[in-house]
Amino acid sequence: MHHMYITTVEGEINLSLKIAILSGKGGTGKTTVSTNLAKVLSKNMKVLLLDADVEEPNDHLFYNVTFEEEKSVDVLIPKVNKETCILCGLCARECQFGAINVFEKGVLVFQNLCHGCGVCSKICPVRAIDEEPKSLGKLKFGKTDFFDFGMGLLNIGEPSGVRIIRELKKYISDDYDVTIIDAPPGTSCPVVEVLQKVDFAVLVTESSPFGLHDLKLAISLVKEMEIPYGVVINRYDPAFAELTKYLEGEKIPLLMKIDFDKKIAKWYSEGKLIVDQSEELLRSFELLYENITEVFA
Amino acid sequence: MKQIAIISGKGGTGKTTLSASLSYLFQNPVMSDCDVDASNLHLLLSPVELKQSYEYYGGKKAEIDYEKCTNCGICKDTCRFEAIDFQQDKYVINEYACEGCKLCVLTCPEKAIKLVENLAGYYYESKSPKGVLVHGDLNPGEETSGGLVAEIRKKSFSVGENLKKDVIIIDGAPGIGCPATSSVAGVNYAIIVTEPTLSGFHDLQRAVETLKKMRVKFGVVINKFDLNESVSSSLEEWCFSENIDLLGKIPFDEMVNLATREAKPIILYEDSISSKYIKSIYQKISQILFNK
């Protein structure tokens, strides 16, 4: 197990592999795969783990993290100057999100609908709209005992974590041999933001009709974005044969299977890494990375 | 007509399993699957027969007319979503990042950019053995899933009114962002399904804060409580100290996997361990909603 590199005339270039861990369905084991893979790889590589599930981040529960940096992620929202505003209504007509409304008596801004795009202040004919920052959430960055770690946290009541994910990914650099990004569930905009410019996607699913249905959605997304990928089956149950049949039929690489085991569920529930509890699981995570690099190459 | 939403901060705690079972316990429900990123409720209400489908248009996207574009790059500099890249010899819109705000349209000196409509998904009215199911699929990679959830909620409501239903059962989206909050906005009651893990506990607290901020009445169900009884009792103690209704606990039940494979809600397996716990949860909820 070693980091990926390519040899050129200038010598070896570190590929600094960026791997996204995602799943259509929630609760299939993204966090388990992310936190355990990071630990295993940190033995002989420089690893960065980013928890991009900014609505409900959990990776930090599995490590002692020393946070060294914390910063707010802001969006610029309009602030209307009542003295200069002529109530012309142009801002309300041009706002695509219904976030600014003009009435006879004044202007009302719905902060939660505002995307912070700047259209209203740009088009105001009397320059009555300034912008002021509003916090959407925060980024935290630091170290576990084994690798560097960053996470985003969306403020309660905010509708979207996309901007936080975009800022979080700026911690990625070529200094790392490998970066693991733990994505939110689903297949919509926050997941797309995670997938932008990654090298490989690990799709985590489970042996159930739900898992298979949602896996197909995740597969159509990574295919459309042209990202190489493979599948991890968690809580593997041979009684649900459709899943493995589907993977074989579509020639989709199966990277790892984790059998259903109440012990594993218990370790997870206590915030323990499963690779620390079982030699066998440790070896299967080492093999997971080998399979990833094989598919990627 | 009452509306109940089943949500969870963390995914995979059992929202859909509980939603499908409640659909069978309530006499006269409309089912509304609002987890549009990963809609699964139809898989437990089979056979589901599609009656009508509707197109859902999300936010618009920018499009560049290369006949007019002079490669000045002003659009890229002003875009706040990093949605315009310079590739090879021209500026291109990254449609995944574009939020359709129109700033580039307004700032382009050549008027070379316009916004175009964007078909973001579909929603459906279907027939199931327990009545009408309204559900939808967001095209993978799309944004504005909260908007599609709102359309599904509206359709469920009008179906419910027309057919004189008593209750709408909403299978909600995970998380605390727009799809989740759109699933619970204005409901009579929300049920948060959690599990006895540190992650489940952490996510429950954020879901509770979100619902409190939205002033939605809610209670908590602990699913698979016996997988870790000590975390489960901390969850219970926390709910007690926060004055949160604990509607019930459901034990881990291997029959649930079997029921899912057979495309049926667990409540139809009368011998299953979990079905009697779910019945008592149902009784508590109907008492809260209908005082009976």
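### Digging into the overall build of chain B
Next, step 1: Within chain B, the regular secondary structure consists of nine helices and 13 strands.
Next, step 2: Counting only C-alpha atoms, chain B reaches 70 × 45 × 35 Å along its principal axes.
Next, step 3: Of all 292 residues assigned to chain B, the portion counted as buried reaches 52%.
Next, step 4: Pairs at least 24 apart in sequence give 75% of the contacts found in chain B among residues at least 6 apart.

### Section: the sheet that holds strand β13 (residues 254-259) of chain A
Residues and elements named next belong to chain A.
Next, step 1: In space, the nine strands of this open sheet follow the order β5-β8-β9-β4-β10-β3-β11-β12-β13, with mixed pairing throughout. The open sheet has two edge strands, β5 (66-80) and β13, and neither has a second partner. Taken over all neighbouring pairs, the strand axes of this sheet differ in orientation by 20° on average, direction set aside.
Next, step 2: Where strand β12 (residues 229-236) lies against β13, four bridges are found, and the strand directions are parallel. Within the sheet, the bridge partner assigned to V231 lies in β13 and is L254.

### Thoughts on the pairing of strand β13 (residues 245-250) of chain B
Within a regular strand, the side chains alternate between the two sheet faces.
Next, step 1: Where strand β12 (residues 218-223) of chain B lies against β13(B), five bridges are found, and the strand directions are parallel. Note that in β13(B) the partner of B:N223 across the bridge is B:I250.

### So, the sheet that holds strand β2 (residues 29-33) of chain B
Residues and elements named next belong to chain B.
Next, step 1: Read across the open sheet, the nine strands follow the order β3-β8-β9-β2-β10-β1-β11-β12-β13; overall the sheet is mixed. Two strands close off the open sheet at either side, each with one partner strand: β3 (49-57) and β13. Along the sheet, successive strands turn relative to each other by an average axial angle of 20°, direction set aside.
Next, step 2: Sheet topology note: the β3/strand β8 (residues 119-128) ladder contains eight bridges and is antiparallel. Directly across from S53, in β8, lies its bridge partner Y124.

### So, the domain arrangement of chain B
Interface size is commonly expressed as the accessible surface area that is lost when the partners come together.
Next, step 1: According to the domain assignment, chain B contains domain 1 (2-56 + 122-290) and domain 2 (61-117).
Next, step 2: For domain 1 of chain B versus domain 2 of chain B, the separation of C-alpha centres amounts to 41 Å.

### Some points on the interface of chain B and chain A
Next, step 1: With 51 residues of chain B in contact, the opposing surface of chain A contributes 53 residues.
Next, step 2: Counting residues per element, the ones that place at least two in the side of chain B that touches chain A are α3 (103-107), α4 (145-162), α5 (178-184), α6 (198-214) and α8 (255-261) of chain B.
Next, step 3: Top contributing element to the side of chain B that touches chain A by residue count: α6(B), with eight residues.
Next, step 4: Across the side of chain B that touches chain A, the residue classes tally to 16 nonpolar, 21 polar and 14 charged.

### Let's talk about the nonpolar core
Next, step 1: Counting residues in each nonpolar core, the largest one holds 164 residues, and the members touching the most others are A:I19, A:A20, A:I21, A:A201, A:V202, A:L203 and B:I192.
Next, step 2: Counting residues per element, this core draws most heavily on helix α6 (residues 209-224) of chain A, which supplies seven residues.
Next, step 3: If near-sequence neighbours (up to four positions away) are discounted, A:A201 is found in contact with A:A20, A:L22, A:L195, A:V222, A:I227 and A:Y229.

### What to know about the environment of B:K15
All names here are of chain B.
Next, step 1: For K15, the position within the fold is in helix α1 (residues 15-25).
Next, step 2: Here K15 falls in the buried class, since 30 other C-beta atoms lie within 10 Å of it.
Next, step 3: The sequence separation of K15 and A173 amounts to 158 residues, and the corresponding C-alpha distance is 8.9 Å.
Next, step 4: Leaving out residues up to four positions away in the same chain, K15 has contacts with I6, I7, S8, D171, G172 and V193.

### Examining the environment of A:F67
All names here are of chain A.
Next, step 1: Mapped onto the elements, F67 comes out in strand β5.
Next, step 2: For the pair F67 and I252, spaced 185 residues apart in the sequence, the C-alpha separation amounts to 39 Å.
Next, step 3: With residues near it in sequence (within four places) discarded, F67 still touches K140, F141 and G142.

### Regarding unusual backbone geometry
Next, step 1: Omega for the peptide link from B:S46 to B:P47 comes to 0°, which places this bond in the cis form.
Next, step 2: Considering the arrangement of structural elements, one finds B:P47 in the loop between β2 and β3.
Next, step 3: With phi around 50°, A:R235 is a residue other than glycine that occupies positive phi space.
Next, step 4: On the secondary structure map, A:R235 appears in strand β12.
Next, step 5: Under the C-beta neighbour-count criterion, A:R235 is labelled buried, with 22 such atoms within 10 Å.

### Overview of helix α9 (residues 279-296) of chain A
All names here are of chain A.
Next, step 1: Helix length check: α9 (18 residues) gives 26 Å between terminal C-alpha atoms against 26 Å at 1.5 Å per residue, within 8%.
Next, step 2: Along α9, the residues classified as buried are L281, S284, F285, L288, Y289 and I292. Down the axis of α9, the smallest arc covering the buried residues is 150°, so these residues share one side. Turned more than 90 degrees off the buried face of α9, the exposed positions are E279, E280, R283, E290 and E294.
Next, step 3: In this fold, the buried residues of α9 make contact with β3 (17-22), α1 (30-41), β11 (200-206), β12 and β13.

About the cut-offs
Residues numbered from 1 in each chain as written. Chains lettered and ligands numbered in written order. Predicted model: local features only at pLDDT ≥ 70, side-chain atom pairs only at ≥ 80, totals over all residues. Helix = DSSP H or I, 4+ residues; strand = E, 2+ residues; numbered from the N terminus. Buried ≥ 20, exposed ≤ 12 C-beta atoms within 10 Å, placed from the backbone. Contact = placed C-beta atoms within 7 Å. Pairing = 2+ DSSP bridges. Axes fitted to C-alpha atoms, helices over the stretch in contact; angles between N-to-C directions. Domains from an automatic or database assignment. Nonpolar A, V, L, I, M, F, W, Y, C, P; charged D, E, K, R; others polar. Core = buried A, V, L, I, M, F, W, Y, C linked by C-beta atoms within 7 Å. Expected span 1.5 Å × (residues − 1). Arc of directions from axis to C-beta.

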